[in-house]
Amino acid sequence: MKKILVTGGAGFLGSHLCERLLNEGNDVLCVDNFYTGSKANVAHLLPHPHFELMRHDVTFPLYVEVDEIYNLACPASPPHYQNDPVQTTKTSVHGAINMLGLAKRLGAKILQASTSEVYGDPEVHPQKEDYWGRVNPIGIRSCYDEGKRCAETLFFDYWRQHQVEIKVARIFNTYGPRMDPNDGRVVSNFIVQALNGNPITIYGEGSQTRSFCYVSDLIDGLIRLMASPKDFTGPVNIGNPGEFTMLALAEKVIKLTGSKSQLTFKTLPQDDPKQRQPDIELANRVLGWKPSVDLDDGLIKTIQYFKEINS
Ligand SMILES: NC(=O)c1ccc[n+]([C@@H]2O[C@H](COP(=O)([O-])OP(=O)(O)OC[C@H]3O[C@@H](n4cnc5c(N)ncnc54)[C@H](O)[C@@H]3O)[C@@H](O)[C@H]2O)c1
């Protein structure tokens, strides 16, 4: 039985990852400081004999014995990561140093949850892994974007300098049950607004595009990446290439919830990327991975979850 550490394990993605790893017969240590995650996300896992929950902040060193590390700890939504930007950079950078140090000491494999934000507001479309990105180093999103870029640098330096076995996933927008209803991500925002009959907020004209990956597909990609051959480090894009404008997403949500919500338009925030779409050829070729849940099916499951927590 493998012992697996998941940092940020009480968050949206982390809780699904812990669940899946337990179901596959592993021993899971979930570490979280509950900054954006919650015990409620993993409460159903607590009785499991192979699940352990530890409150810990990854900006401090951690001494545990494990075979694999999934490093997911980091607030992911703009309102949360901009709330304490210094802490966001510390979590990405000090967190990476601490977890890489742990992996080095243990000879453990380590996977980094990086992000499509490393591409910034991209000039090439769709984004391939060899694109270096276009990121503002001094803007309000930089604590997250540059923090994640520096974490990638650290991963590759530990690999070159210390031969730590690394895996870097560049995750694109992911949605599904257990998203925080108040954390300002577009899918949860639209669904909550539609279910409450409130106006749906569109930033700019709503013509900016995003692609949305359902959580089970994403978790499958991370697990395949961890199991990939030793010489495959990534970075590898994991996301759904289906591209939708914010207006099209809002219309879908209104239709699927049967809501009477109207649209309301607000100014586009600083550095908001206009287009985002992963090229997943590499993930498909090396990991045999591609997403299988289409947007309507994923939205229906997510809407059901928000209805349950609302009632
Ligand atoms: N969901 C997405 O669309 C998406 C896209 C790209 C990348 N990612 C990355 O995936 C990871 C998980 O994202 P998520 O959507 O589940 O976000 P989330 O905010 O739900 O989860 C992050 C978790 O990390 C914990 N955390 C934050 N700072 C910590 C610290 N210093 N020490 C210990 N724990 C800490 C939080 O409490 C939370 O449980 C993040 O690293 C994020 O950057 C997510």
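The residue numbers shown here count from 1 along each chain, following its written sequence. Side-chain atom pairs in this predicted model are given and counted only at pLDDT of 80 or more, local residue features only at pLDDT of at least 70, and totals for whole chains, interfaces and linings cover all residues. Each side-chain value is derived from all of the structure's non-hydrogen atoms; neither hydrogens nor water enter the calculation.

Asks: Would you take a moment to explain the packing of aromatic side chains for this structure?
Replies: The description of two aromatic rings rests on the distance between their centres and on the angle between their planes. Pairing of aromatic side chains requires ring centres within 6.5 Å, counting the rings of Phe and Tyr and the six-membered ring of Trp. Pairs whose planes differ by under 30 degrees are stacked, by over 60 edge-to-face, and all others tilted. This structure, assessed with the given rule, holds 7 aromatic pairs. Their ring planes at 80 degrees and their centres at 5.8 Å tell us that Phe156 and Trp159 sit as a pair that is edge-to-face. Placement of the pair is Phe156 and Trp159 together in helix α4 (residues 142–162), with a separation of 3 residues, close to one helical turn. We classify Trp159 as partly exposed; its relative accessible area is 35%. On the numbers, 6.5 Å between centres and 85 degrees between planes, the contact of Tyr175 with Phe212 is edge-to-face. Of the two residues, Tyr175 sits in strand β7 (residues 174–175) while Phe212 sits in the loop between β9 (209–211) and β10 (213–214), which places them 37 residues apart along the sequence. Here a strand is any run of E in DSSP of at least two residues, a helix any run of H or I of at least four, and the numbering for each starts at the N terminus. Relative accessibility under 20% of the residue-type maximum defines a buried residue, over 50% an exposed one, and the middle range a partly exposed one, all with a 1.4 Å probe and only protein chains included.

Asks: Could you clarify how one ought to interpret the pairing of strand β5 (residues 109–115) in this entry?
Replies: Across the 7 residues that make up β5, a large majority, 7, are buried. The pairing of strand β4 (residues 68–71) with β5 spans 4 bridges and is classified as parallel. Directly across from Glu68, in β5, lies its bridge partner Lys109. At least two DSSP bridges between two strands are needed for those strands to be called paired. With 6 bridges connecting them, β5 and strand β6 (residues 166–171) associate as parallel partners. Bridge pairing in β6 links Ile110 to Ile166. Read from β5 through α4 to β6, the crossover connection turns out right-handed. Call a crossover right-handed when, viewed with both strands pointing away from you, the route from the first strand across the helix to the second goes clockwise.

Asks: Looking at this model, I keep getting lost on helix α1 (residues 12–23). Mind explaining?
Replies: Every helix has an expected span of 1.5 Å times one less than the residues it contains. The end-to-end C-alpha distance of α1, which contains 12 residues, comes to 17 Å, matching closely the 16 Å that a straight helix rising 1.5 Å per residue would cover. Of all 12 residues making up α1, 9 are buried, and the element is well covered by its neighbours. Those residues of α1 not exposed but buried are Phe12, Leu13, Gly14, Ser15, His16, Leu17, Cys18, Leu21 and Leu22. Of the residues trailing α1, Gly25 is marked for its positive phi of about 90 degrees.

Asks: Please explain unusual backbone geometry as it appears in this structure.
Replies: When glycine is set aside, most residues are seen to have a negative phi, and most peptide bonds are trans. For the bond from His125 to Pro126, the omega torsion is -10 degrees, close enough to zero to count as cis. With respect to the secondary-structure elements, Pro126 resides in the loop between β5 and α4. The omega torsion of the bond from Gly234 to Pro235 falls at 5 degrees, within 30 degrees of zero and hence cis. Positionally, Pro235 belongs in the loop between α6 (215–226) and β11 (236–238). A positive phi is found at Gln163, a non-glycine position, where the angle reads about 60 degrees. Topologically, Gln163 is positioned in the loop between α4 and β6. One non-glycine residue, Arg178, adopts positive backbone phi at about 80 degrees. The residue Arg178 is located in the loop between β7 and α5 (186–195) in this model. Accessibility expressed as a relative area gives 16% for Arg178, which makes it buried.

Asks: Can you help me understand the packing of helix α3 (residues 85–106) against α4 in this one?
Replies: A pair of packed helices is characterised by two quantities: the angle between their axes and the separation of those axes. Taken N-terminus to C-terminus, the directions of α3 and α4 make an angle of 15 degrees; their axes are 8 Å apart at the nearest point. By the criterion of interaxial angle, the relationship of α3 to α4 is roughly parallel. In terms of crossing hand, the pair formed by α3 and α4 is right-handed. For the pair α3 and α4, the contacting residues are Pro85, Thr88, Thr89, Ser92, Val93, Ala96, Ile97, Leu100, Gly101 and Lys104 in the first and Cys143, Tyr144, Gly147, Lys148, Cys150, Ala151, Leu154, Phe155, Tyr158 and His162 in the second. Here the contact of α3 with α4 is composed, by residue class, of 12 nonpolar, 6 polar and 2 charged. All axes are obtained by fitting lines to C-alpha atoms, using only the stretch in contact for helices, and the reported angles, taken between N-to-C directions, cover 0 to 180 degrees. Working definition: roughly parallel below 35 degrees, roughly antiparallel above 145 degrees, roughly perpendicular at 65 to 115 degrees, and oblique for all remaining angles. Less than a right angle of anticlockwise turn of the near helix away from the far helix marks a crossing as left-handed, whereas a clockwise turn marks it as right-handed. Residues are treated as being in contact if the distance between any of their heavy atoms lies within 4.5 Å. Any residue that is not Ala, Val, Leu, Ile, Met, Phe, Trp, Tyr, Cys, Pro, Asp, Glu, Lys or Arg is counted as polar, Gly included; the first ten are nonpolar and the last four charged.

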